[in-house]
Amino acid sequence: MSFSDKESRLFSLMQAVQSGDRVAYEELIVSVVSILKPYFFKKLSDKYMIDDLIQDTLIGIHRSRQTFQSTQPFLPWMFSIAYRKYCDYCRKVTREQSGQASYGRELYVFQQGSELDERIELADFMGDVQDVLPLLPEKQRRVVVMMKLEGKSIKEVSSLLGMSGSAVRTAAHRGYKRLSELLTERGRLGCNFLLLFTNISIGSTLLYWLCVGEIVDV
Amino acid sequence: MSNDSKKSLSSLTAELVSDLSPVDVLSLPRFNALLGGAALVSIVAGCVYYGMRPNIVEAMSWLHFLAETGLLFLGCLLSGYFGLTSLIPGLRVEKARGWVLGVSLLWLLALVGRLLLSESFLGYGFDPGVSWICVQIVTSIAVIPMIISSILVRKLSFLTRPFLTWIYLAGFVGLVGGLGIQFICPADSPAHILVWHGLPIVGGVGIFWVIIRKLSVR
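Residues numbered from 1 in each chain as written. Chains lettered and ligands numbered in written order. Predicted model: local features only at pLDDT ≥ 70, side-chain atom pairs only at ≥ 80, totals over all residues. Heavy atoms only, no water.

### Some thoughts on the overall build of chain B
- Tallying secondary structure elements over chain B gives eight helices and zero strands in all.
- Taken from the N to the C terminus, the helices and strands of chain B come in the order α-α-α-α-α-α-α-α.
- Taken across its 218 residues, chain B has 50% of its residues classed as buried.
- Sequence-distant contacts in chain B: of pairs separated by 6 or more residues, those separated by 24 or more amount to 87%.
- Accessible surface for chain B amounts to roughly 10700 Å². Of this, 72% is attributable to carbon and sulfur atoms. (Helix = DSSP H or I, 4+ residues; strand = E, 2+ residues; numbered from the N terminus. Buried < 20%, exposed > 50% of the residue type's maximum accessible area, 1.4 Å probe, protein only. Contact = heavy atoms within 4.5 Å. Areas by Shrake-Rupley, 256 points an atom, 1.4 Å probe, with all protein chains shown as cover.)

### A short note on the confidence of the model for chain A
All names here are of chain A.
- With 67% of its residues at a pLDDT of 70 or more, chain A has an overall mean of 75.
- Here helix H6 (residues 116–121) is the element of chain A with the lowest mean pLDDT, 44, and helix H2 (residues 22–43) is the one with the highest, 93.
- Note on residues 189–194: pLDDT is under 50 here. Beyond four places in sequence and across chains, it has zero contacts. (pLDDT = per-residue confidence, 0-100.)

### Description of the packing of aromatic side chains
- Taken as a whole and assessed by the stated rule, the structure comprises 11 aromatic pairs over all chains.
- Summarising the aromatic geometry, the rings of Phe11 of chain A and Phe68 of chain A are spaced 5.7 Å apart at their centres and angled 65 degrees between planes, so their arrangement reads as edge-to-face. With Phe11 of chain A in helix H1 (residues 3–18) and Phe68 of chain A in the loop between helix H3 (47–63) and helix H4 (74–99), this residue pair connects regions lying 57 residues apart in the sequence.
- Owing to a relative accessible area of 0%, Phe68 of chain A belongs among the buried residues under this scheme.
- Note on Tyr39 of chain A and Phe79 of chain A: the rings are 4.9 Å apart at their centroids and 50 degrees apart in plane angle, and the pair reads as tilted. Here Phe79 of chain A lies in helix H4 and Tyr39 of chain A lies in helix H2, a separation of 40 residues in the sequence.
- What makes Phe79 of chain A partly exposed here is its relative accessible area of 27%.
- Among the aromatic residues, those joined into a ring-pair cluster are Phe11, Phe68, Phe74 and Trp77 of chain A.
- The ring of Tyr86 of chain A is capped by Lys43 of chain A, whose NZ or CZ atom sits 5.3 Å from the centre of that ring.
- One residue, Arg30 of chain B, lies across the ring of Phe31 of chain B, its end atom 5.9 Å from the ring centre. (Phe/Tyr/Trp six-rings, centres within 6.5 Å; stacked < 30°, edge-to-face > 60°. Lys NZ or Arg CZ within 6 Å of the ring centre and 35° of its normal.)

### A closer look at the interface of chain B and chain A
- Between chain B and chain A, the residue contacts involve 33 residues of the former and 38 residues of the latter.
- Both sides of the chain B and chain A interface together cover about 3200 Å² of buried area, and 61% of this is carbon and sulfur.
- Scanning the region where chain B abuts chain A turns up zero salt bridges.
- The interface formed by chain B and chain A holds 10 residue pairs in polar contact (both at pLDDT 80 or more) in total.
- Sort the elements by how many residues they give to the side of chain B that touches chain A and helix H1 (residues 3–19) of chain B lands first, with 11 residues. (Buried area = accessible area lost by both parts, 1.4 Å probe. Salt bridge = Lys/Arg side-chain N within 4 Å of Asp/Glu carboxyl O. Polar contact = N/O pair within 3.5 Å; in protein donor to acceptor, adjacent residues only side chain to side chain.)

### So, the packing of helix H5 (residues 96–117) of chain B against helix H8 (residues 190–215) of chain B
Residues and elements named next belong to chain B.
- Between H5 and H8, the shortest axis-to-axis distance is 9 Å and the interhelical angle comes to 150 degrees. Judged by the angle between their axes, H5 and H8 are roughly antiparallel. Taken as a pair, H5 and H8 cross one another with a handedness that is left-handed. Taken together, the residues of H8 that come into contact with H5 (itself represented by Trp107, Leu108, Leu111, Val112, Arg114 and Leu115) are Pro190, Ala191, Ile193, Leu194, Gly198 and Ile201. (Axes fitted to C-alpha atoms, helices over the stretch in contact; angles between N-to-C directions. Parallel < 35°, antiparallel > 145°, perpendicular 65-115°, else oblique. Left-handed = near helix turned anticlockwise from the far one by under 90°.)

### With respect to the environment of Leu12 of chain B
- Within the secondary structure, Leu12 of chain B is located in helix H1.
- When near neighbours in sequence (up to four residues on either side) are disregarded, Leu12 of chain B contacts Gln55, Leu58 and Ile59 of chain A.

### Let's talk about the pattern of salt bridges
- Going through the model one piece at a time under the given rule, you end up with five salt bridges over all chains.
- When the shortest N-O distance is used, the salt bridge between Asp52 of chain A and Arg174 of chain A registers 3.1 Å. Residue Asp52 of chain A is located in helix H3, and its partner Arg174 of chain A is located in helix H10 (residues 165–217); the two are separated by 122 residues in the primary sequence.
- Taking the shortest distance from any N to any O, the salt bridge between Arg142 of chain A and Glu138 of chain A comes out at 3.6 Å. Highlighted residues: Arg142 of chain A and Glu138 of chain A, both in helix H8 (residues 138–149), separated by four residues, approximately one helical turn.
- A residue is classified by how much of its surface remains accessible, and Glu138 of chain A, at 48% relative accessible area, is partly exposed.
- Through salt bridges with shared partners, one network takes in Glu68, Arg114 and Asp188 of chain B.

### Quick look at H8 of chain B
- The terminal C-alpha atoms of H8 of chain B lie 36 Å apart, and with 26 residues this matches the ideal 38 Å at 1.5 Å per residue to within 8%.
- Where H8 of chain B bends most, the angle comes to about 30 degrees, and this point is Gly198 of chain B, followed within four residues by the proline Pro200 of chain B. (Expected span 1.5 Å × (residues − 1). Bend = angle between axes of the 7 residues up to and from the residue.)

### Considerations on the state of the cysteines
- Counted by the stated rule, this structure contains zero disulfides over all chains.
- Here Cys90 of chain A is not disulfide-linked; the sulfur of Cys87 of chain A is the nearest cysteine sulfur, at 6.3 Å. (Disulfide = S-S within 2.5 Å.)

### Some remarks on the packing of H1 of chain A against H2 of chain A
Residue and element names in this part refer to chain A.
- Running from N to C, H1 and H2 cross one another at 140 degrees; their axes reach a closest spacing of 9 Å. In this view, H1 runs oblique relative to H2, as classed from their interaxial angle. In this structure, the crossing between H1 and H2 has a hand that is left-handed. For the pair H1 and H2, contact is made by Lys6, Arg9, Leu10, Leu13, Met14, Ala16 and Val17 and by Ala24, Tyr25, Glu27, Leu28, Ser31 and Ile35, respectively.
- Of the residues in the contact of H1 with H2, the class split is nine nonpolar, one polar and three charged. (Nonpolar A, V, L, I, M, F, W, Y, C, P; charged D, E, K, R; others polar.)

This is how it looks when you write it as structure tokens:
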């Protein structure tokens with residue numbers, strides 16, 4: 001199919017989608033996914049991230065379908081949404097990496113290390129991990145616990161949980177990602193509480209001084 | 001694609017298809033008219049409430065008045081138009097930043113030029129006690145466009161280029177206030193206009209930017 005044929009086909013499908021045609025929508029989604037995969041693959045090598053971005057883009061297309069104009073072609077509209085999702089992802093990764101400063105080394109060793117010695121060294125960090133583990137989705141939590149805390153291999157985990165090897169890897173990858181987000185938030189929360197506590201202390205001291213000062217003056 | 005992510009994509013597809021409903025396509029001319037109408041109504045309401053400047057007929061014969069008012073009007077037009085256009089993914093409005101900034105700078109230069117050439121630096125109407133009302137006028141004229149723009153931003157919850165949309169619409173709101181007061185405030189001194197009209201415009205832009213950032217959903 002030539003580019004212009006593809007564009008006019010997608011244009012017609014999108015117009016049908018705007019009027020609520022579900023069959024056309026399913027066909028459109030299949031076509032969009034086949035276009036987005038090589039597009040994101042050129043930008044990223046991590047196939048789990050590519051899957052996530054494709055899904056985010058589909059959701060973005062769904063939410064903004066009323067903005068598609070009959071006077072514009074479909075592909076620039078779609079790629080504009082996809083590109084913005086990619087930019088959001090890059091921004092998020094940069095934020096996570098800067099926030100991970102205090103946990104970066106530990107998380108890396110946690111992900112890579114399998115020796116008990118390394119885990120003993122990370123006793124404080126492991127305390128934090130144990131606190132946030134219950135917050136992970138169940139599948140991810142079970143995979144992370146089995147692989148990293150119990151030291152099981154991917155094969156053992158997949159046979160115990162009845163999952164494929166790639167599914168175990170996906171769950172582990174997403175679990176580590178979510179773990180690092182939770183630990184970073186926890187670190188920031190700790191800072192915020194410290195600031196709040198410090199401000200309350202200073203404020204109370206000043207207020208006391210003012211009141212006492214007033215009484216003494218009287 | 002792994003089995004696990006295939007299952008996620010097919011379940012997402014099913015969800016999106018089942019959630020599909022007909023949409024009203026965003027009509028740019030209709031929204032432009034709405035925003036323009038809001039600006040006109042607020043300026044007219046401001047003129048009726050505060051009263052037109054007594055020397056309006058004389059002012060219409062002044063070249064600098066026509067130039068400054070014309071530039072403000074052009075700035076409103078461009079910011080409002082490009083603010084709405086930036087809601088459509090795929091429509092390129094990045095270069096329009098130059099137009100909007102250029103018109104605003106021209107307005108500023110016109111005033112600074114008049115200031116440097118004027119005999120009396122401060123001129124009539126610089127006294128804060130008298131001029132404070134101008135801040136109130138600019139702010140109150142900007143209220144209706146601010147409300148309409150907020151509703152539009154909230155309704156069109158998916159923004160692909162939020163920064164651009166925010167800055168254009170915030171500029172539109174501020175400039176409407178500045179345009180309206182041209183017909184109300186009798187003070188013609190450039191120092192008065194720069195400080196008592198210009199600063200509230202900038203302040204209004206800043207405040208509204210913060211508001212619509214909170215309102216927009218990404």
